[in-house]
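Topology and contacts: notes
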Amino acid sequence: MNTGPGRVGAAPVALVATTAEVLAHPELDEGLLAPWERHRLAGIRVHARRDDVVAARLLLRLCASRVTGLPPRAVEPAQRCPGCGRDGHGRPYLPDHPGLGASFSHADGLAAAVVGPGPVGIDVEPLTRRPGPVPVLRRLLAHDEVDAACAEPDPGPALLRLWVRREALFKAGRDDVPLTAWTDRRRAAVVALAGADGATGATGATGVGDRGAGADGATGAGRADRDAGAAEPPVPPLSPGPAPSPPRVPAPPSGR
């Protein structure tokens, strides 16, 4: 398998998992993290949050491994802030693979990551989270979309979908990339994926879970929002997200 710097044409891989699933994965352990990452972890005093951060960084390595063909230990992500230009925080990237975009997210026992050609972004939030207050959301999101969400009998889920979409686009660094969102009910999560264009089937990632496990039932892309796991099929511990080739969704302004 070609593992050149750009991996032009490589199919993107997006993964969503609980923190516990990631930390129990046989290919992943905290020893894979770079010294600068472990240094940052030392400042996190809440054990559960520390685990989430570790899980998201490890899941990013697993995505990169699946895309490049390299073992997770050989993948060395870095981070650079587009605002201040300093390393060690901000948007993740793969120095040895400049043609690939990378993104990760973590929240309250959940982790998500994506690696693929071009700009990509991913965001995950617990299904029960409710962003707000609404006046703040109106400053960050499109007013008409916030108003439409607030007009629903229960605005919370609609506002949450708007929020994860906005975050995914922000992480991708562009508003003109394909965007999809779905609900992973098995993990009680709402996920949004920006970019990762050109994937087919289950993000081109059949067998992304543990070896010997089948891929998640992630076919049937073509809806901007979809539920994953409604039929409760057998799912590998780290299942791929849906194919990111839906109809274009109007992108809310980044607000940052």
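Residues numbered from 1 in each chain as written. Predicted model: local features only at pLDDT ≥ 70, side-chain atom pairs only at ≥ 80, totals over all residues. Heavy atoms only, no water.

1. Some points on the overall build of the chain
Secondary structure assignment for the chain yields 6 helices and 10 strands. Per-residue burial over the chain gives 49% buried out of 256 residues. Expressed as a percentage of contacts within the chain between residues at least 6 apart in sequence, the contacts between residues at least 24 apart total 66%. Approximately 11,200 Å² of the chain is accessible, and the part contributed by carbon and sulfur atoms is 54%. (Helix = DSSP H or I, 4+ residues; strand = E, 2+ residues; numbered from the N terminus. Buried < 20%, exposed > 50% of the residue type's maximum accessible area, 1.4 Å probe, protein only. Contact = heavy atoms within 4.5 Å. Areas by Shrake-Rupley, 256 points an atom, 1.4 Å probe, with all protein chains shown as cover.)

2. Concerning the nonpolar core
Val22, Leu58, Leu59, Leu94 and Val115 are the most contacted members of the largest nonpolar core, which has 28 residues in total. Val16, Val114, Ile122 and Trp182 belong to the second-largest nonpolar core, a separate cluster that totals 13 residues. (Core = buried A, V, L, I, M, F, W, Y, C linked by side-chain atoms within 4.5 Å.)

3. Re the pairing of strand S8 (residues 189-195)
A regular strand places its side chains on the two faces of the sheet in alternate fashion. With 7 of 7 residues buried, S8 lies mostly within the body of the structure. With 7 bridges joining them, strand S6 (residues 120-126) and S8 adopt antiparallel strand pairing. Each bridged residue has a counterpart across the sheet, and for Gly121 the counterpart in S8 is Ala194. The turn joining strand S7 (residues 179-184) and S8, which pair antiparallel and follow one another in sequence, is formed by 4 residues; a positive phi near 50° is taken by Ala188. (Pairing = 2+ DSSP bridges.)

4. Topic: the pairing of strand S1 (residues 13-18)
With 5 of 6 residues buried, S1 lies mostly within the body of the structure. Both S1 and strand S5 (residues 110-117) contribute to a ladder of 6 bridges, which runs antiparallel. Residue pairing in the sheet places Leu15 in a bridge with Ala113 of S5.

5. Details of helix H3 (residues 47-68)
Compared with an ideal rise of 1.5 Å per residue, which puts 22 residues at 32 Å, H3 spans 32 Å between its outermost C-alpha atoms and is within 8% of the ideal. Buried residues dominate H3, accounting for 17 of its 22 residues. Positive backbone phi, approximately 85°, marks Gly69, located one or two places after H3. (Expected span 1.5 Å × (residues − 1).)

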